[in-house]
Amino acid sequence: MVQNWKELVADKRRRQQELIPKEWLISVPPESVFDVTTIPKECGLLSEKELLITETVGVDVLLKKLATAEWSAVEVTTAFCKRATVAQQLVNCLTEIFFDRALARATELDAHLKATGQTVGPLHGLPISLKDQLCIKGLETTIGYVSWIGNYAGRNAALVDILEECGAVLYVRTNVPQTLMWGETFNNIFGRTSNPHNRTLTCGGSSGGEGALIGLKGSPLGVGSDVGGSIRIPSLFNGLYALRPSTGRVPYAGCTNSMEGQDSELSVLGPMSNSLSGVKTFMQSVLSKRPWLHDPIAVRKAWDTEAYTLSEHGGGKELCFGIIWNDGVVTPSPPILRALEMTKAALLAAGHKVVDWHPYKHAELCQCLADIWEAGAKEDFEATTAHTGEPLIDTMSLVEGGSPSGVRTGSKAGVSAYQLWQIQKQRLILRQEYLDNLQKSVELTGTGRPLDALIAAGAPFPAPPHGKVWTFKYTSVWNALDYSTCVFPVTKVDPAVDVKKAPHDFLSEADHYNYDFYDPETFRNAPVGLQLVGRSLEEEAVIAMTEIVDAALKSA
């Protein structure tokens, strides 16, 4: 065993703190101030122009100003470095900080544009934040494991190389939970990340640092990963747009991960942003660099403009959406149901069709996914933490030594290879049945097509208090099916509107628990979003349909 794990943590935290310029430290509000989303504008650190830059949520607008040199890459990078520093002080969202590298890169980009009149690529000068999985040469990547402090990357992850080839400026990496297999964000190295809209609530996980950073506009565009909801849950909880692509669409090679070698259900990388233009631009840019030449299992599929025009969906003129009001196990709480009602009304007003869609064996699909993870997770986690003797976290509770809470993967003994094969076999059977069931929806739509997309909750509750994410089955079911899924914001919890309803006929014990769990005041100001679900490898159409839904909501 190496030196005491707490000494490793203390040294890592000291080194991280030294990377924050002292002149960028602010007066942090007391814990009694829950909503800190206005602090970056009020703290006095950012200039008027830096606020203008960081408040520009449209990634397309930022890129246009960078390409025309109206704003220099150095100006934009400095602004987001400063705002990310503010976010770190407010919600503890960063892991690796490398502003010097970023500003040197931005200087090179400005010089190139001035000398040639040409941008380096489609993301020229755009600061992009990364989840603490994407390896960058010369930097540590711990994913929240003390045992991996001191592991310096010898080369970049494939996506890092592609983003830099596109002209992006990388400047920070963001916090994750130990093991990555939580719907919240806390580890023994960097601690807990909070939700900027209400710091008593969780930011979600496992891409929680990304969610909180972007939620505070400390990044215009970030990269998260998702094996069961880890892009979508933080995006829902922080009011963002995000895409969970199907497996292999975005290159994953060179990333650090837990449960490496588990390839029954692969984690995927995807974009998170305050704008849908950020999601679209990310996918277009990455795919333009032919990621299948960088990653041996990336899908050979360029950006499909025809698919984006919704050629398989009637050109987008009269779409038919299926709304999932519950997953057959848990009824969402009032603000989530209100978001579904708002979305339905907006789509109907925009001339589209909406029908009820009943979930097909969601519980069985989620169980298959959980069984796949549990097949070797416990051994993987214990082998990793044994190096330093750090404790394996079994709760996201605020109370140290509190009872286990949240959704813990890795609590069961592993299974044999043969037993795993049976789980995989059952999952494939369920995927076929689900596809067949979707195809039959042509009988409901009146368009001559099956449902164009599904709209569903991403969780049966908004961002809950720390330690209280008790299920992520509303997201993990789409991982089990490997469907492309886009998240979009709808509203926020308003205790005056989202009152607790009278008890209904409960679908299960879990449904009864979720009913009792909801208290309007507890969830005050929490963002509320939904998922738009398409088919496998249907990213372009999913983005286009989410644009239609988003426009309908904004014009309602």
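Residues numbered from 1 in each chain as written. Predicted model: local features only at pLDDT ≥ 70, side-chain atom pairs only at ≥ 80, totals over all residues. Heavy atoms only, no water.

On to the overall build of the protein chain, then. Check the secondary structure of the protein chain and you find 19 helices and 13 strands. Expected size for 556 residues packed as a compact globule is a radius of gyration near 24 Å; at 22 Å, the protein chain falls within 12% of this value. The C-alpha extent of the protein chain, read off along each of the three principal axes, is 60 × 55 × 50 Å. Taking the intrachain contacts of the protein chain between residues at least 6 apart in sequence as the baseline, contacts between residues at least 24 apart amount to 80%. For the protein chain, the computed accessible surface area is about 20,900 Å², with 53% contributed by carbon and sulfur atoms. Charged side chains in the protein chain number 51 positive and 63 negative. The centres of these two groups are separated by 3 Å. (Helix = DSSP H or I, 4+ residues; strand = E, 2+ residues; numbered from the N terminus. Rg over C-alpha atoms; globule rule 2.2 N^0.38 Å. Contact = heavy atoms within 4.5 Å. Areas by Shrake-Rupley, 256 points an atom, 1.4 Å probe, with all protein chains shown as cover. Lys, Arg positive; Asp, Glu negative; His and termini not counted. Charge placed at Lys NZ, Arg CZ, Asp CG, Glu CD.)

Time to look at the packing of aromatic side chains. Inspection of every chain in the model, using the stated rule, returns 16 aromatic pairs. An angle of 80° between the planes, with centres 5.7 Å apart, marks the rings of Phe461 and Phe517 as edge-to-face. Within this pair, whereas Phe461 is found in the loop between strand S11 (453–457) and helix H17 (473–481), its partner Phe517 is found in helix H18 (residues 509–517), the two being separated by 56 residues in sequence. Here Phe461 falls in the buried class, since its relative accessible area comes to 2%. Seen from their ring centres, Tyr513 and Phe517 are 5.8 Å apart, and the 15° between their planes marks the pair as stacked. With Tyr513 and Phe517 both in helix H18 and four residues apart, this pair spans about one turn of that helix. For Phe517, a relative accessible area of 16% puts it in the buried group. By way of ring pairs, the aromatic residues Phe461, Trp470, Tyr513, Phe517, Tyr518 and Phe523 are connected into one cluster. Across from the ring centre of Trp71, 5.0 Å away, lies the NZ or CZ of Lys65, which sits over that ring. One cation-aromatic arrangement involves Lys500 over Tyr515; the distance from NZ or CZ to the ring centre is 4.3 Å. (Phe/Tyr/Trp six-rings, centres within 6.5 Å; stacked < 30°, edge-to-face > 60°. Buried < 20%, exposed > 50% of the residue type's maximum accessible area, 1.4 Å probe, protein only. Lys NZ or Arg CZ within 6 Å of the ring centre and 35° of its normal.)

Take the pattern of salt bridges next. Counted under the stated rule, the structure contains 25 salt bridges. Salt-bridge contacts for Glu55 lead to Arg83; the nearest nitrogen and oxygen are separated by 2.8 Å. One end of the pair, Glu55, is in the loop between helix H3 (48–54) and helix H4 (59–67); the other, Arg83, is in helix H5 (residues 73–91), and 28 residues separate them in sequence. Relative accessible area serves as the criterion here: at 1%, Arg83 is assigned to the buried category. A salt bridge links Asp132 to Arg173; the shortest N-O distance between them is 3.0 Å. Of the two residues, Asp132 is situated in the loop between strand S2 (127–131) and helix H7 (158–165) and Arg173 in strand S3 (residues 169–174); the sequence distance between them amounts to 41 residues. (Salt bridge = Lys/Arg side-chain N within 4 Å of Asp/Glu carboxyl O.)

Helical periodicity: at 3.6 residues per turn, an α-helix aligns residues three or four positions apart in one direction. Taking burial as the measure, the nine residues of H17 include eight buried ones, the bulk of the element. After H17 finishes, the residue Asp482 shows a positive phi value of roughly 60°.

Right, let's talk about the nonpolar core for a bit. General note: in soluble globular proteins, nonpolar side chains tend to be found buried as a group. Ranked by internal contacts, the top residues of the largest apolar core, which has 153 residues, are Ile128 and Leu163. With 10 residues, the single largest contributor to this core is H5. Once residues lying within four places of it in the same chain are set aside, the contact partners of Leu163 are Leu123, Ile128, Leu130, Ala168, Leu170, Val223, Phe282 and Val286. Counting residues in each nonpolar core, the second largest holds seven residues, with Val9, Val146, Ile189 and Phe190 among its members. (Core = buried A, V, L, I, M, F, W, Y, C linked by side-chain atoms within 4.5 Å.)

What follows deals with unusual backbone geometry. For the peptide bond that leads from Gly205 to Ser206, omega is 5°, which places it in the cis range. Inspection of the secondary structure assignment puts Ser206 in the loop between strand S5 (191–192) and helix H8 (208–215).

The subject of this paragraph is the side chain of Thr485. As for its position among the elements, Thr485 is in strand S12 (residues 485–492). Residue classification places Thr485 among the buried positions, given a relative accessible area of 0%. Engagement of the side chain of Thr485 in a polar contact is seen with the backbone oxygen of Tyr483, the distance being 3.1 Å. Each residue touching Thr485, except ones within four places of it in the same chain, is listed here: Arg232, Ala242, Leu243, Arg244, Trp478, Gln531, Leu532, Val533 and Val542. (Polar contact = N/O pair within 3.5 Å; in protein donor to acceptor, adjacent residues only side chain to side chain.)

Below, the discussion takes up the environment of Val9. For Val9, the position within the fold is in helix H1 (residues 5–17). Once the C-alpha coordinates of Val9 and Pro296 are considered, the two residues, 287 residues apart in sequence, prove to be 35 Å apart. Residues in contact with Val9, not counting those within four places in the same chain, are Val146, Ile149, Asn188 and Ile189.

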